[in-house]
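# Observations on the three-dimensional arrangement
Letter by letter, the chains look like this.
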Amino acid sequence: MSLRRLATLLVREARATLRDPFTVSVLVAAPLAALLAFSSVLSTEVRGLELGVLDASHTPASRRLTTELAAGGTFVVRPYATRAALEAALVRGEISAGLVLPAALDRDLQRGAAGTPAEVQVLYDGAETVLAGNAEAFLEGMIGATGARLVTRDVARERDAGARGAPSGPGVRVVTRALFNPTLDGTPFMVAGVFGFVLSFLTTLITAVAVVNERLGGTFDQLQLTPATNVEILLGKLLPMGAIFAFDVVLMMLVAGFAFGVWPKGSALFFVAVSSFYVLTSLAMGLYFSASSATAAEAVQKTILASVPLVQLSGFVFAPRNFPWPMPWVAELLPATHYIRVSRAIYLRGAGPLELLPELGMLVVFAGVLVAVALRSLARRA
Amino acid sequence: MKAAGSSFVSNVLAMAFREGSVLRHDRAFLGVVTAQPVMMLLLMGFVLSNEPRDVPWLVLDQRPTPASRALVQDVLATGYFLPPRPVTSRARGEAALARGEALALLVVPRDFERDAYRGGAEVQVLLDGADPLSAARVGGILRAAAASFDPTRRALPARGRASPAPPRGPFDLRGRFWFNATLDDRDFFLAGLAGMLLTNLCLSVTSLGLVGERESGTYEQTLALPTRPLEMVIGKLVPHAIVSYGVLAIALLGAGLGFGVWPRGSVLALLVLTLPFVFGSLAIGVFVSTLARTSAQAVFITVFFILPSFVLSGVLLPYQLMPDGVRQVGALLPLRWYQIGLRRIVSRGGGLDDVAVPLLALVLFFAVMLALIRWRLKPRLA
């Protein structure tokens, strides 16, 4: 291997890449667009869910219950006059849940103090599974609390010395605390994942397209006629691209930090180092796709086909742990799964190299295998 | 050369015939049409799930008692958890959370048994906030399991409690999940499947096809024909629309035969709703091809339209929970409106009148796209 030849190749590659304004804008704009699009879509906070209320009782108690439900901001209360109207709204998806307060609510409440609770019907829109689950959790908590207040007020008037309002009886209260992210904000989780997405998908796509186009244009064959060896050609391709994507990583870190206030809890330097190394894996994959395709369209199709498991299986959005057997193991075979795990560990838990040793080892293995495969496919072309 | 008065319909039909015979011989296209629905069906039907499964957790039992063991058994009985790993100190538990080895740490205090019998017992749960979505769900499951915990149930069965569940206050909430009684995520994903497949198909096929033609020169030849640009565009769209209905049929039959998810509402409404969506998506593809100069550029633009579509539209994640701004951006995507309509028809059994608003939005979108295409094509044809 000759350093001088390699340097020539590096300069050539950098020039070729920077000459095309479209590529340059993709290299800068696409990662930032992905960051902006994905970072805020995952929310565990429930706000403004539409709650239809059919109030058949029209009593102070029912009105109080409705205003208290609306007060928290979790629900936007929409009144409906008839059951049919409520059900139609549910079909049209206008409301996430429908609350039916019976005409006898007040009487039932009075009796409720004596032991049998007042029955309230809730219809959830099961078509939106996540929303329905959230709505259920919130409604049960809020109605329980409001109801307790309504009754203790009545009971307090009667001065019943039984102290029924105290949290006694069976049932265990759970005090939860979320480490690393106390508000369970989805943004840092997604930001850390977007790095994996951009560095896996975009890198592979850009490399695959660039190399195929070069092959179609004939410049690649010309390169192979020069005294440069395959390793030099490969490095000449990988290093400039790698440098650009390392720059992208830093750019994304800055934008995530200033725009969303999400900075890595662990060492930023360590994160950049790991990310730059991971880029190698994706670049090698891009080279392989391009070397094994006859046209640009074919290379693109392979990349996009490979991106489906990337988005769905790697843990970018859905946790592989929840998949049925054997899919969690399939997910382990994707380099992106490991990189995203490392990225989240550094960004959210402040993990250092020691804690991440097994994952980093996996990344090294993947990079080694993929670079070897890319080299072989290049050699076969020669 | 023919006179300018040539009939609109026959020109459109001629273009459609030509486009259809091109498609029939495109192997890559046929691959997209057949392989993609199968892959997505399997992913959505079997793999993707937000439901926690095999959750790894830790228990710090500060004084093992029958009551604390019963609580752990109650949590295990929910079916979401792996057998817990015991830890001997809080610091060790937190370190394991920091390494990402577990999602939750349950801390059972010393006086747990005494408090549990007396009432008002409390346990602490530390969650791994690095994975906020899972943490929120696991926290909810633990809270529910603990709330119904009753230490006397096993120890003193002779007491004979009348109601197995503890009274939850003055209201008895009778919740019912409509349309999806078990809140199965699969139904949610499968209902939106057709939207994802059609977006992929319509966008990639038209954008790549048109640019490819321009690169190979057949586009100019077509321009030399006495067809008007609008006739040409519509003629190009018609065969794709027919294929799209085929893909829709595959998606519906696959979800129905494979997973028992048949449309509950009017199939006619579904067919009507699909038409403006398909035309709108195809039009985006055409528009992309007027912007891009090479097929590589077309690919980038298409991919960076498809990905945000999937994430922001609500096919994978509920758009209702996204923050303001992001939600409104998503409303500009045709897939948002199509998936709203799909859920109304497929999951909730709605009819044509229930999808009037999404239908209108899709027609409007198509009209805007046509206007944009006309504006972009003009200078080239003058």
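Parameters and conventions
Residues numbered from 1 in each chain as written. Chains lettered and ligands numbered in written order. Predicted model: local features only at pLDDT ≥ 70, side-chain atom pairs only at ≥ 80, totals over all residues. Helix = DSSP H or I, 4+ residues; strand = E, 2+ residues; numbered from the N terminus. Buried ≥ 20, exposed ≤ 12 C-beta atoms within 10 Å, placed from the backbone. Contact = placed C-beta atoms within 7 Å. Rg over C-alpha atoms; globule rule 2.2 N^0.38 Å. Pairing = 2+ DSSP bridges. Nonpolar A, V, L, I, M, F, W, Y, C, P; charged D, E, K, R; others polar. Core = buried A, V, L, I, M, F, W, Y, C linked by C-beta atoms within 7 Å. Axes fitted to C-alpha atoms, helices over the stretch in contact; angles between N-to-C directions. Parallel < 35°, antiparallel > 145°, perpendicular 65-115°, else oblique. Left-handed = near helix turned anticlockwise from the far one by under 90°. Expected span 1.5 Å × (residues − 1). pLDDT = per-residue confidence, 0-100.

Turning our attention to the overall build of chain B. Along its length, chain B carries 15 helices and 5 strands. For chain B, the proportion of its 382 residues judged to be buried stands at 49%. Residue pairs at least 24 apart in sequence account for 78% of intrachain contacts in chain B once pairs closer than 6 positions are excluded.

Within chain A, the secondary structure is distributed over 14 helices and 5 strands. Its C-alpha atoms give chain A a radius of gyration of 29 Å, more than 25% over the compact-globule value 21 Å for 382 residues. Taken along its principal axes, the extent of the C-alpha atoms in chain A is 100 × 45 × 40 Å. When the 382 residues of chain A are sorted by exposure, 47% land in the buried category. Counting contacts in chain A only where the partners sit at least 6 residues apart, residues at least 24 apart contribute 78% of the total.

This part takes up the pairing of strand β3 (residues 104-108) of chain B. Residue and element names in this part refer to chain B. Extensive coverage of β3 is indicated by the burial of 5 of its 5 residues. Where strand β1 (residues 57-61) meets β3, 5 bridges bridge the pair, whose relative direction is parallel. Residue pairing for β3: Asp61 is matched across the bridge by Val108. As paired elements, β3 and strand β4 (residues 121-128) share 4 bridges and run antiparallel to each other. When the bridges of β4 are listed, Leu105 appears paired with Leu126.

Attention now goes to the interface of chain A and chain B. Facing the 90 residues of chain A at the interface are 93 residues of chain B. Per-element accounting of the side of chain A that touches chain B gives the leading share, 14 residues, to helix α6 (residues 129-158) of chain A. Of the residues assigned to the side of chain A that touches chain B, the class counts are 55 nonpolar, 21 polar and 14 charged. Bridge analysis of strand β5 (residues 172-179) of chain A against β4(B) gives 8 bridges, and the strand direction is parallel. Note on β4(B): the bridge partner recorded for A:Thr176 is B:Val125.

Once that is clear, we can look at the nonpolar core. Within the largest apolar cluster, 192 residues are counted, with the highest numbers of intra-cluster contacts made by A:Val209 and B:Leu193. Sort the elements by how many residues they give to this core and helix α7 (residues 186-217) of chain A lands first, with 18 residues. If we skip the residues at most four places from it in the chain, B:Leu193 touches B:Met40, B:Leu41, B:Met44, B:Ala251 and B:Ala255. Formed by 38 residues, the second largest nonpolar core is a distinct cluster that contains B:Val59, B:Val75, B:Leu97 and B:Ala121.

Residue and element names in this part refer to chain B. Axis separation between helix α8 (residues 185-216) and helix α12 (residues 295-313) bottoms out at 9 Å; the angle between their running directions is 165 degrees. It follows that α8 is roughly antiparallel to α12 by the angle criterion. Read as a crossing pair, α8 and α12 show a hand that is right-handed. Here Met196, Thr199, Asn200, Leu203, Ser204, Ser207, Leu208, Val211, Gly212 and Glu215 of α8 lie close against α12, whose contacting residues are Ser295, Ala298, Val299, Thr302, Phe305, Ile306, Ser309 and Phe310. Counted by class, the contact of α8 with α12 contains 9 nonpolar, 8 polar and 1 charged residues.

The subject of this paragraph is helix α11 (residues 267-291) of chain B. In this model α11(B) runs 36 Å from its N-terminal to its C-terminal C-alpha over 25 residues, within 8% of the 36 Å that 1.5 Å per residue would give. Most of α11(B) is tucked away, with 18 of its 25 residues classed as buried.

Low pLDDT marks stretches whose predicted atomic positions should not be read closely. Residue and element names in this part refer to chain B. Per-residue pLDDT for chain B has a mean of 81; in total, 90% of the residues score no lower than 70. Across residues 155-168, confidence stays below pLDDT 50; counting only partners more than four residues off in sequence or on other chains, it has 10 contacts. Interface confidence in the predicted complex, given as ipTM, is 0.76; pTM for the same model is 0.79.

Strand order across the open sheet formed by 5 strands is β5(A)-β4(B)-β3(B)-β1(B)-β2(B), with mixed pairing between neighbours. Where the open sheet ends on each side, the last strands, each with one partner, are β5 of chain A together with β2 (85-86) of chain B.

All names here are of chain A. Taken as a whole, chain A shows an average pLDDT of 80; of its residues, 90% reach a score of 70 or greater. The lowest-confidence element of chain A is α6, averaging 68 in pLDDT; the highest-confidence one is helix α13 (residues 335-349), averaging 90. This stretch, residues 155-169, has a pLDDT under 50; its non-local contacts, to residues over four places away or in other chains, come to 11 contacts.

Now for the environment of B:Leu282. Residue and element names in this part refer to chain B. Note that Leu282 resides in helix α11. Of the residues examined, Leu282 has 27 C-beta atoms within 10 Å and is grouped as buried. When neighbours within four sequence positions are excluded, Leu282 is seen to be in contact with Cys202, Thr206, Leu237, His240 and Ala241.

Moving on: the environment of A:Leu199. Residue and element names in this part refer to chain A. Within the secondary structure layout, Leu199 lies in helix α7. In the structure, Leu199 is positioned 77 residues away from Ser276 in sequence and 9.1 Å away in space, judged by C-alpha atoms. Those residues in contact with Leu199 that sit more than four places away from it in its chain are Phe245, Ser275, Tyr278, Val279, Ser282 and Tyr339.

What follows is about the pairing of strand β3 (residues 97-101) of chain A. Residue and element names in this part refer to chain A. The element β3 is extensively covered by neighbouring structure, given that 4 of its 5 residues are classed as buried. One ladder, built from 5 bridges, connects strand β1 (residues 49-55) with β3; its direction is parallel. Bridge assignment links Leu51 to a residue of β3, and that residue is Ala97. Sheet topology places β3 next to strand β4 (residues 118-125); 4 bridges connect them, and they run antiparallel. Of the residues in β4, the one forming a bridge with Gly98 is Leu123.

Let's shift gears to the environment of B:Asn50. Checked against the element boundaries, B:Asn50 lands in the loop between α2 (27-47) and β1. Distance in space between the C-alpha atoms of B:Asn50 and B:Val38 is 21 Å, their sequence separation being 12 residues.

It is at 11 Å that the axes of helix α2 (residues 21-39) of chain A and α12(B) come closest, and there the two elements cross at 5 degrees. Judged on the interaxial angle alone, α12(B) and α2(A) are roughly parallel. Along the contact surface, α2(A) presents A:Phe22, A:Val26, A:Ala30, A:Ala33, A:Ala37 and A:Phe38, while α12(B) presents B:Gln297, B:Phe300, B:Phe304, B:Pro308, B:Val311 and B:Leu312.

Our focus in this paragraph is unusual backbone geometry. Positioned with a positive phi, A:His58 is a non-glycine residue whose angle comes to about 50 degrees. Inspection of the secondary structure puts A:His58 in the loop between β1 and α3 (60-71). Given 12 C-beta atoms within 10 Å, A:His58 falls into the exposed group. Of note in the backbone geometry, B:Asp54 takes a positive phi value of approximately 50 degrees without being a glycine. Note on placement: B:Asp54 falls in the loop between α2 and β1.

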